[in-house]
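A look at the structure
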Amino acid sequence: MHKENGGVSLARNAGLKASTGEWVLFIDGDDVWHKDTLAVCARLIEEHPDVQIVKFMRERFADDCHVVWKDGREEVNVRDLESGLIDDDMRYSFVCNCCHRSVIPRRGFKNYVRGEDLLFRAECLLVAKRMVSTTRCLYAYRTRPGSATQSSMNMRKLKIGRAVQQECRD
């Protein structure tokens, strides 16, 4: 699939629209998955068929470096989300999740410059009943000086951040 650059939200929404599977994962174009990402997600879904979100950890790596995967002993935790969210649930970007289509908002990602995945993740977590998490690092996030997540806060981003906060309240 090829889409003219219109921002991360529009690209992810196009991917959601084109996808037909029961489970959805995202990867940003400049990041990488661990070679076992899909196998680990499939195994956890098979072992815990009532979960709707599979959460995994991520590594960071600099633009000019290779990923060094720190694979240790895996710990798996399954929990009900009906008892409320905890700080750790919002710790990582949406790309560190495998989600069942039933928890994905129909409208997809809001077209924000920054923070679109935080709102999307919150909406998924509020709908989901059970989540399984693994301590395995399955995603490598590329850090680049000057990128949207690395650049300093400015008034435009502050206004967008306030809009995201208001959206979450509504």
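Below you will find a few notes about this structure. (Residues numbered from 1 in each chain as written. Predicted model: local features only at pLDDT ≥ 70, side-chain atom pairs only at ≥ 80, totals over all residues. Heavy atoms only, no water.)

1. Some remarks on the side chain of H100
Assignment of secondary structure puts H100 in strand β5 (residues 97-100). Polar side-chain contacts of H100 include one of 3.0 Å to the side chain of E22. At a separation of 2.8 Å, a polar atom in the side chain of H100 contacts the side chain of S102. Excluding residues within four positions of it along the chain, H100 makes contact with E22, W23 and Q52. (Helix = DSSP H or I, 4+ residues; strand = E, 2+ residues; numbered from the N terminus. Polar contact = N/O pair within 3.5 Å; in protein donor to acceptor, adjacent residues only side chain to side chain. Contact = heavy atoms within 4.5 Å.)

2. Quick notes on the state of the cysteines
Within the structure shown, the criterion is met by 0 disulfides. Here C124 stays unpaired: no disulfide links it, and the sulfur of C99, its closest cysteine neighbor, is 4.5 Å away. (Disulfide = S-S within 2.5 Å.)

3. Describing the pattern of salt bridges
Counted under the stated rule, the structure contains 8 salt bridges. Across the salt bridge formed by R43 and E47, the nearest N and O atoms sit 3.6 Å from each other. Of the two residues, R43 and E47 are both situated in helix α2 (residues 37-47); the distance of 4 residues between them amounts to about one turn of the helix. Among the residues examined, R43 registers a relative accessible area of 29% and is labelled partly exposed. On the accessibility criterion, E47 (46% relative accessible area) is partly exposed. (Salt bridge = Lys/Arg side-chain N within 4 Å of Asp/Glu carboxyl O. Buried < 20%, exposed > 50% of the residue type's maximum accessible area, 1.4 Å probe, protein only.)

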